[in-house]
Amino acid sequence: MTNIVNAILVQNGLVMLARRSAERPAYGGKWSFPGGHVEPGESLEDALVRELDEELAVRPTAFSLLETINDPFAPPHLPVTYHMFVVRAWTGEPEIQDDEHSELIWLPPLQAAQLDDLALGEYRALLERL
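None of the values given here were measured: they were computed from a predicted structure.

Undergrad: I'd love a proper account of the environment of L52, names of residues and values included.
TA: Tracing the sequence through the fold places L52 in helix α1 (residues 44–56). L52 sits 38 residues away from W90 along the chain, and the two C-alpha atoms are 9.8 Å apart. Not counting residues within four places of it along the chain, the set of residues in contact with L52 comprises A7, L9, P34, A57, V58, P60 and V87.

This is the structure we're talking about:
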């Protein structure tokens, strides 16, 4: 099983979404959330801190697990689970640091839920609950 952590940064009533770079093999060009693979022996929380530092140069200081989503498009023999964290405080200013994402936007959760090109439809219900 592949475990992936994702961060839903929330600030002033807005959520941050990240557009996956078009050349990414999974969900290229789609709106998602920053994050990445949990390395062997790494906790979900440590992976979240590491991934946000690598991708956005921020360090989360207040976060909690919101939900777990099983990727509906992953093959049965290679399941993928997304561990969705709400991040309400961090140090640093989010800025793309690598080629994982091409764009960041801040939107009200209900407006974000209406985007046509979300990576997973399961994000809609999650965003509507924020």
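Undergrad: Please set out the packing of aromatic side chains residue by residue, giving values where relevant.
TA: For the coordinates displayed, the defined rule picks out four aromatic pairs. Seen from their ring centres, F33 and Y123 are 4.9 Å apart, and the 70 degrees between their planes marks the pair as edge-to-face. Separated by 90 residues along the polypeptide, F33 in the loop between β3 (31–32) and β4 (35–37) and Y123 in helix α3 (residues 122–129) bring together distant segments of the chain. Residue F33 shares its accessibility class with Y123, and that shared class is buried.

Undergrad: Would you mind going over the side chain of S21 in detail, with residue names and values included?
TA: Mapped onto the secondary structure, S21 falls in the loop between β2 (14–20) and β3. Not counting residues within four places of it along the chain, the set of residues in contact with S21 comprises G28, G29, D99, E100, H101 and S102.

So, how was this worked out
- In every chain, residue numbers begin from 1 and rise along the written sequence.
- Reporting of local features is limited, given that this is a predicted model, to residues whose pLDDT is at least 70; pairs of side-chain atoms are given and counted only at 80 or more, and all residues count toward the totals for whole chains, interfaces and linings.
- In computing side-chain properties, one takes all heavy atoms of the structure into account and sets aside hydrogens as well as water.
- In this description a helix means any DSSP run of H or I spanning at least four residues, a strand means any run of E spanning at least two, and both kinds are numbered starting from the N terminus.
- Any pair of residues with heavy atoms lying within 4.5 Å of one another is described as a contacting pair.
- Here a Phe, Tyr or Trp ring, Trp counted by its six-membered ring, pairs with any other such ring whose centre lies within 6.5 Å, and the pair is stacked when the planes are under 30 degrees apart, edge-to-face when over 60, and tilted otherwise.
- Partly exposed residues are those whose accessible area sits between 20% and 50% of the maximum for their type, while under 20% is buried and over 50% is exposed, using a 1.4 Å probe and protein chains only.

Interpretation note: all reported values are geometric properties and have no functional meaning in isolation.
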